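# Observations on the model geometry
Now for the letters of each chain:
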Amino acid sequence: TSSLDETKVLAATKVPSALLRSESIVIPELFMHMSHFEFTRQIGSSQCSEVWLVKHKYNRRNFAVKQRHFSSKQERDKCKREMQSVADLPPHPNIVFYYRAWQEDSYVFTQMEFC
């Protein structure tokens, strides 16, 4: 199986140029980030992605989740660079807080603060 089709967590760190990822998950039932959210409505889109207002099923907090499709390693690498750039930003009241990102199949999802 290709790593482009696997399910994995992508976790950004504060170490420059160090985007870590988990090993692929063999048992998909153990990795169910999308099932943690109720999708309320689409709040934005571009040619490459959609952004959804979601509500966490357990703590009932609202978040924005960006969903982006990729079809090549180059496109996935571009997503990783974007995530790393956002994760490296220092905390600031005018910057949306980044929580986590993950890959499911050929999509990258990014969970962010909803403002």
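Please read these numbers as outputs of a predicted model, since none were measured by experiment.

### Some points on unusual backbone geometry
- Located in the positive-phi region is Arg-60, a residue other than glycine, with phi close to 65°.
- Inspection of the secondary structure assignment puts Arg-60 in the loop between β4 (49–56) and β5 (62–69).
- The phi dihedral of Asp-105 is positive, around 55°, even though this residue is not glycine.

### What to know about the confidence of the model for the protein
- On average, residues of the protein carry a pLDDT of 78, and 72% of them reach 70 or more.
- With pLDDT under 50 throughout, residues 12–20 is counted as low confidence; its partners more than four residues away or in other chains account for 20 contacts.

### Some thoughts on the state of the cysteines
- Counting across every chain of the model gives zero disulfides.
- Between Cys-48, a free cysteine, and Cys-79, which holds the nearest cysteine sulfur, the sulfur-to-sulfur gap is 8.4 Å.

### Some thoughts on the packing of aromatic side chains
- According to the stated counting rule, one finds seven aromatic pairs in the structure shown.
- Measuring from ring centre to ring centre gives 5.9 Å for Phe-39 and Trp-52, while their planes differ by 75°; the resulting arrangement is edge-to-face. With Phe-39 in strand β3 (residues 37–45) and Trp-52 in strand β4, this residue pair connects regions lying 13 residues apart in the sequence.
- Take Trp-52: its relative accessible area is 21%, and that puts it in the partly exposed class.
- Here Phe-97 and Tyr-99 contribute two aromatic rings whose centre-to-centre distance is 4.7 Å and whose plane-to-plane angle is 75°, an arrangement assigned as edge-to-face.
- Accessibility expressed as a relative area gives 47% for Phe-97, which makes it partly exposed.
- Aromatic rings pair up to connect Phe-37, Phe-63, Phe-97, Tyr-99, Trp-102, Tyr-107 and Phe-109 into one cluster.

### Structural notes on the pairing of β4
- Bridge analysis of β3 against β4 gives seven bridges, and the strand direction is antiparallel. Bridge pairing links Gly-44 to Val-51 in β4.
- Taking the residues that link successive antiparallel strands as the turn, the β3-β4 hairpin has three residues.
- Bridge count for β4 against β5 is seven bridges, and the pairing is antiparallel. Bridging across to β5, Val-51 finds its partner in Lys-66.

Rules used throughout
Residues numbered from 1 in each chain as written. Predicted model: local features only at pLDDT ≥ 70, side-chain atom pairs only at ≥ 80, totals over all residues. Heavy atoms only, no water. Helix = DSSP H or I, 4+ residues; strand = E, 2+ residues; numbered from the N terminus. pLDDT = per-residue confidence, 0-100. Contact = heavy atoms within 4.5 Å. Disulfide = S-S within 2.5 Å. Phe/Tyr/Trp six-rings, centres within 6.5 Å; stacked < 30°, edge-to-face > 60°. Buried < 20%, exposed > 50% of the residue type's maximum accessible area, 1.4 Å probe, protein only. Pairing = 2+ DSSP bridges.

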